[in-house]
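# What the coordinates show
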Amino acid sequence: VPTTAEVGLPQVEATAWFGLQAPAGAPEAVIRKIAADCDTVLRQPAVASLIREQGGDPVGGTAASFEAFIQSEITKWSDVVTRARIRVD
């Protein structure tokens, strides 16, 4: 399989990421509580260290910041699919 640079997309950076999502319509207070609790856990030195040791970057944040990140990923990968002429057989 060619790399993204080999197919003419040298600026593409591919990373794996993980996040939590809730069903549509979940109460905003619940979403904020889960995000705050996750941030608390991710700031614990032992947790952050373990994630970094495995090559990760412990990033918390708000539902809005995660939504913006997801939208940026959709935009990025939509462009890759289009420019590389990727299709489903």
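Numbers given for residues are sequential positions, taken from 1 along each chain in its written order. At least 70 in pLDDT is required for a residue's local features to be given in this predicted model, at least 80 for side-chain atom pairs to be given and counted, and no such filter applies to totals for whole chains, interfaces and linings, which use all residues. No hydrogens and no water enter the side-chain calculation; it runs on all heavy atoms of the structure.

Bringing the layout of surface pockets into the picture now. Unfilled space is identified by rolling a water-sized probe across the atoms. Grid spacing is 1 Å over the protein atoms alone, the probe is 1.4 Å, and a cavity is where that probe fits but cannot get out, while a pocket is an open set with protein on both sides within 12 Å along at least five of seven lines and lining residues have an atom within 4 Å of a point. Grid points are joined across faces, edges and corners, and a volume is the space filled by probe spheres set on the points. Approximately 1,300 Å³ is the volume found for the largest pocket. What lines the largest pocket is a set of 36 residues, among which Phe-18, Gly-19, Leu-20, Val-59 and Phe-66 lie closest to the centre. Listing elements by their share of the lining of the largest pocket, those giving two or more residues are α1 (28-43), α2 (45-53) and α3 (63-83). Secondary structure follows DSSP: runs of H or I at least 4 residues long count as helices, runs of E at least 2 residues long count as strands, and numbering of each begins at the N terminus. With 8 residues, α1 is the largest single contributor of residues to the lining of the largest pocket. In this classification, Asp, Glu, Lys and Arg are treated as charged, Ala, Val, Leu, Ile, Met, Phe, Trp, Tyr, Cys and Pro as nonpolar, and every other residue, Gly included, as polar. The class makeup of the residues in the lining of the largest pocket is 21 nonpolar, 11 polar and 4 charged.

Attention now moves to the packing of α1 against α2. Helix-helix packing is described using two parameters, namely the angle between the two axes and the distance between the axes. One can describe the packing of α1 onto α2 by two numbers: an axis separation of 5 Å at closest approach and a directional angle of 75°. Comparing their axes, α2 and α1 come out roughly perpendicular. Contacts from Val-41, Leu-42 and Arg-43 in α1 reach Pro-45, Val-47, Ala-48 and Ile-51 in α2. Here the residues of the contact of α1 with α2 sort into 6 nonpolar, no polar and 1 charged. Structural elements are reduced to axes, namely lines fitted to C-alpha atoms, with helices fitted over the stretch in contact, and the angle between N-to-C directions of any two is expressed from 0 to 180 degrees. Orientation categories follow fixed angle ranges, with anything under 35 degrees roughly parallel, anything over 145 roughly antiparallel, 65 to 115 roughly perpendicular, and all other angles oblique. Between two residues, a contact is recorded if the distance between any of their heavy atoms is within 4.5 Å.

On to α3. Relative to the 30 Å expected for 21 residues at 1.5 Å per residue, α3 spans 30 Å between its end C-alpha atoms, a close match to the ideal helical length. Residues of α3 that are buried: Phe-66, Ile-70, Glu-73 and Val-80. Along the axis of α3, the buried positions cluster into a sector of 85°, meaning they face one direction only. Turned more than 90 degrees away from the buried face of α3 sit Ala-64, Thr-75 and Thr-82, all of them exposed. Positioned one or two residues after α3, Arg-85 has a phi angle of 55°, which is positive. How far a helix is expected to stretch is found by multiplying one less than its residue total by 1.5 Å. Per-residue accessibility, obtained with a 1.4 Å probe over protein chains only, is compared with the maximum for each type, and a residue is labelled buried under 20%, exposed over 50%, and partly exposed between these values. Note: the arc covers the axis-to-C-beta directions of the helix.

For the rest of this paragraph, the subject is the pattern of salt bridges. One speaks of a salt bridge when a side-chain nitrogen belonging to Lys or Arg is within 4 Å of a carboxyl oxygen belonging to Asp or Glu. This model, assessed by the stated rule, comprises 4 salt bridges. Between Arg-83 and Asp-79 there is a salt bridge, with the nearest N and O atoms lying 3.7 Å from each other. One end of the pair, Arg-83, and the other, Asp-79, are both in helix α3, 4 residues apart, so they sit about a helical turn from each other.

On to the side chain of Asp-39. Mapped onto the secondary structure, Asp-39 falls in helix α1. The buried charged residue Asp-39 lacks any salt bridge partner; its closest oppositely charged side chain belongs to Arg-43, at an N-O distance of 4.6 Å. For Asp-39, the contacting residues outside a window of four places in its chain are Gly-60 and Gly-61. Neither His nor the chain termini are counted; the positive set is Lys and Arg, and the negative set is Asp and Glu.

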